[in-house]
Amino acid sequence: MQFDDDAQLDTSEVQDVRGSRIPGGRATVGGGLAGLIALLLGLFFGVGPDNLGLSSGSDQPAATASSLAQVQQTCRTGQDANAKDDCRMVAVVNSVQDFWDQEFARRSARYTRSPTVFFSQQIGTACGTATSAVGPFYCPGDRKVYLDLGFFDELRSKFGASGGAFAQAYVVAHEYGHHVQDLMGTLSRSQDGRTGANSNAVKVELQADCYAGVWAHHATTTKDESTGRPLITSLTNADIRDGLDAAAAVGDDRIQERFQGRVTPETWTHGSAQQRQQWFDQGYRSGDMAQCNTFR
Ligand SMILES: [Zn+2]
């Protein structure tokens, strides 16, 4: 995955609060049994920590940007995105949102841009207080994507994914898939409390994977506002393989095998490795969000 060196990154789409302390954040999931549960349940991309049995009802706003807001200082151009991990994520957020903005406009609908919050360790959100252990997630309450960049190391070390820049891009695009669902009114279908291979929760997750694929299909043709040229200049087959590999690594069956030693499809919330790959691939091949009807 390569970015246009001359493109200007839009850092306003990322709130970088890494290293800042959360005022009054309640450390309800910091350790002990609760921490363990969060670790086991959070090892995939959720739709908000409230689903994971974490503390909810916290009225703490997300921590405000501190002087440590690194990306605003260091991520200016596509060249920075080619050189630095965090700047690359800024560029991916820009590309994903440019695509959905243009796609919604094409359908005479309005896309609302939503920021990604880079945090470390713990964060207060409209969905409750979350620790890094829950993994990246989207909170419908404040319509933000939350990401501890340390997760990408875990994707390799803990989940056994091959890693790579596009594996990270897939994760971000999946979360924005939830934002698209939120805007379209489909996200709430996952909130019926049911689990299992055929549950709405799984169908919502697989649709987010498919939407990530739809973006990937259009990633190298989506025009960047600063240049009128695509921000992402190249996406190779190896990149796509990294994305598919990451999708499989966070499949419910893989995670259950790895962390509980047996596979229990009745508790699935995100879909199997095979399903997740299949739906990402369907989005990627078709480039058409109409092909992402996982509810059919
Ligand atoms: Zn998800």
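Residues numbered from 1 in each chain as written. Predicted model: local features only at pLDDT ≥ 70, side-chain atom pairs only at ≥ 80, totals over all residues. Heavy atoms only, no water.

**Digging into the sheet that holds strand β6 (residues 137–139)**
Two modes of strand pairing occur in sheets, parallel and antiparallel, and in both the strands are linked by backbone hydrogen bonds. Heads up, the condition is: Pairing between two strands requires that DSSP report at least two bridges joining them. A run of DSSP states H or I qualifies as a helix once it reaches four residues; a run of E qualifies as a strand once it reaches two. Both are numbered from the N-terminal end. In this analysis an axis means a line fitted to C-alpha atoms, helices contributing only their contacting stretch, and an angle means the value between N-to-C directions, from 0 to 180 degrees. Contact between two residues is taken to exist if any of their heavy atoms lie within 4.5 Å; hydrogens are not considered.
The strand order across the open sheet built from four strands is β2-β3-β7-β6, with neighbouring strands paired in mixed fashion. The two strands at the open ends of the sheet, each matched to only one other strand, are β2 (14–16) and β6. When the angles between neighbouring strand axes are averaged without regard to direction, this sheet yields 25°. Summarising the sheet, strand β3 (residues 116–118) and strand β7 (residues 144–147) pair through three bridges and their orientation is parallel. By the bridge assignment for β7, Thr116 is matched with Val145. With respect to the sheet, helix α4 (residues 85–106) is in contact with β2 and β3, its orientation differing from that of β3 by roughly 170°. Running over the sheet, helix α6 (residues 165–184) touches β3, β6 and β7 and is turned about 25° from β6.

**Side note on the confidence of the model for the protein**
Applicable threshold: A residue's pLDDT is the predictor's confidence in that residue, given on a scale from 0 to 100.
Across the protein, the average pLDDT comes to 86, with 84% of residues at or above 70. With pLDDT under 50 throughout, residues 23–43 is counted as low confidence; its partners more than four residues away or in other chains account for 34 contacts. Between residues 49–63, whose pLDDT stays under 50, and residues either more than four places distant or in other chains, the model counts 43 contacts.

**Remarks on the packing of helix α8 (residues 237–249) against helix α10 (residues 273–286)**
Here is the rule: Take the far helix as your reference; a near helix turned counterclockwise from it by less than a right angle gives a left-handed crossing, and one turned clockwise gives a right-handed crossing. In this classification, Asp, Glu, Lys and Arg are treated as charged, Ala, Val, Leu, Ile, Met, Phe, Trp, Tyr, Cys and Pro as nonpolar, and every other residue, Gly included, as polar.
With their axes 7 Å apart at the nearest point, α8 and α10 run at an angle of 145° to one another. Every pair of crossing elements has a handedness; the one defined by α8 and α10 is right-handed. Note on element contacts: α10 touches α8 through Ala273, Arg276, Gln277, Phe280, Asp281 and Tyr284, opposite Ile240, Leu244, Asp245, Ala247 and Ala248. Split by residue class, the contact of α8 with α10 holds seven nonpolar, one polar and three charged.

**So, the packing of α4 against helix α7 (residues 200–218)**
For clarity, the threshold we go by: Roughly parallel refers to an angle under 35 degrees, roughly antiparallel to one over 145, roughly perpendicular to one between 65 and 115, and oblique to any angle outside these ranges.
Where α4 contacts α7, the two axes come as close as 10 Å, and the packing angle between them is 95°. Considered as vectors, α4 and α7 are oriented roughly perpendicular to each other. Contacts between α4 and α7 involve Val92, Ser95, Val96, Phe99 and Trp100 on the former and, on the latter, Tyr211, Val214, Trp215 and His218. Among the residues making up the contact of α4 with α7, the classes are represented as seven nonpolar, two polar and no charged.

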